[in-house]
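# Coordinates in review
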Amino acid sequence: MAPAFEISRTLADGTPIRIRPIRASDKVNLSAGLAALSEVSRHRRFLSPKPRFTSAELRYLTELDGHDHVALVASLPDGSGGGVARYVRLAEDPGAADVAIVVADGMQRRGLGSLLADELATVAAEHGIRRFSADILSDNVPAQRLLARLSSRLERHHDSAGLRAVRGELNRAA
């Protein structure tokens, strides 16, 4: 079962944000959020073209256990989506998780990604996650900065496909 909380935060520009765990009822909103993302943002998040989610993907992305798989959604006062941050614990290393964050195009460069990253790191640490990993495009500088925010030391490995594997210890690790 997903953690039950809701927090209110304010971005530096004064925009109020509500953050809560994703729910199964968020499938429609998640699909709409994907459709609203630019091709660049979709490619940066999914590392390939992603026009829509399948029913199975929507179940996977919204019906979570709240411990090994957690996702937080950020929304604006009008209910529109601002972003999603998630981790999925690695079966082969229970103290580590893959992390992914996506922010709506209109909310990028306003501090929402950092806010989501901080909140996700807090929840992850509460659930015993000490390390994180992410595969990101080598030219996705905003994502690299966001991940650097979570760790005092990152390991970065490049591959020939233009991807960068990033691994690091969470600053908030218990």
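Our subject is the structure listed above.
Remember, it's a predicted structure, so these values are computed and weren't measured experimentally.

### Regarding helix H3 (residues 55–62)
Residues lying three or four places apart along an α-helix face the same way, a consequence of the helix completing one turn every 3.6 residues. When we look at burial in H3, the residues that qualify are Leu-58, Leu-61 and Thr-62. Burial along H3 is one-sided: seen end-on, the buried residues are contained in an arc of 85°. Tucked into the core, H3 has its buried residues touching helix H1 (27–36) and strand S4 (81–90).

### Considerations on empty space enclosed by the protein
Within the structure shown, the criterion is met by 1 cavity of 30 Å³ or more. When its volume is computed, the largest cavity comes out at roughly 40 Å³. The element that contributes the greatest number of residues to the lining of the largest cavity is helix H4 (residues 112–126), accounting for 4 residues. Taken together, the residues of the lining of the largest cavity break down into 8 nonpolar, no polar and no charged.

### Overview of the packing of H1 against H3
In the contact formed by H1 and H3, the axes pass within 10 Å of each other and the chain directions differ by 110°. Regarding the angle of H1 to H3, the classification is roughly perpendicular. Note that H1 runs across H3; the crossing there is right-handed. The segment H1 lies against H3, with Lys-27, Leu-30 and Ser-31 engaging Leu-58, Arg-59, Leu-61 and Thr-62. Per-class residue counts for the contact of H1 with H3 are 3 nonpolar, 2 polar and 2 charged.

### Looking at the sheet that holds strand S2 (residues 16–21)
Adjacent strands of a sheet form backbone hydrogen bonds with each other and so pair up, either parallel or antiparallel. An order of S1-S2-S3-S4-S5-S6-S8-S7 is seen for the 8 strands of this open sheet, with the pairing classed as mixed. The strands lining the two open edges of the sheet, one partner per strand, are strand S1 (7–10) and strand S7 (154–158). Sheet twist, expressed as the average angle between the axes of neighbouring strands with direction ignored, equals 25°. Relative to strand S8 (residues 163–169), strand S6 (residues 131–137) runs antiparallel, the two sharing 7 bridges. Following the sheet pairing, Ala-134 is matched in S8 by Val-166. Across the sheet, H4 lies against S1, S2, strand S3 (69–75), S4 and strand S5 (93–103), angled at about 35° from S4, the strand it touches most.

### Details of the pairing of S2
The pairing of S1 with S2 spans 4 bridges and is classified as antiparallel. By the bridge assignment for S2, Arg-9 is matched with Ile-17. Linking S1 back to S2 in an antiparallel pair, the connection comprises 5 residues, with Gly-14 at a positive phi of about 95°. For S2 and S3, the ladder comprises 4 bridges, and the chain directions are antiparallel. Counterpart to Pro-21 in the pairing with S3 is Leu-72.

The rules behind the values
Residues numbered from 1 in each chain as written. Predicted model: local features only at pLDDT ≥ 70, side-chain atom pairs only at ≥ 80, totals over all residues. Heavy atoms only, no water. Buried < 20%, exposed > 50% of the residue type's maximum accessible area, 1.4 Å probe, protein only. Helix = DSSP H or I, 4+ residues; strand = E, 2+ residues; numbered from the N terminus. Arc of directions from axis to C-beta. Contact = heavy atoms within 4.5 Å. 1 Å grid on protein atoms, 1.4 Å probe; cavity = no way out; pocket = protein on both sides within 12 Å on 5 of 7 lines; lining within 4 Å. Points joined across faces, edges and corners; volume = space filled by probe spheres on them. Nonpolar A, V, L, I, M, F, W, Y, C, P; charged D, E, K, R; others polar. Axes fitted to C-alpha atoms, helices over the stretch in contact; angles between N-to-C directions. Parallel < 35°, antiparallel > 145°, perpendicular 65-115°, else oblique. Left-handed = near helix turned anticlockwise from the far one by under 90°. Pairing = 2+ DSSP bridges.

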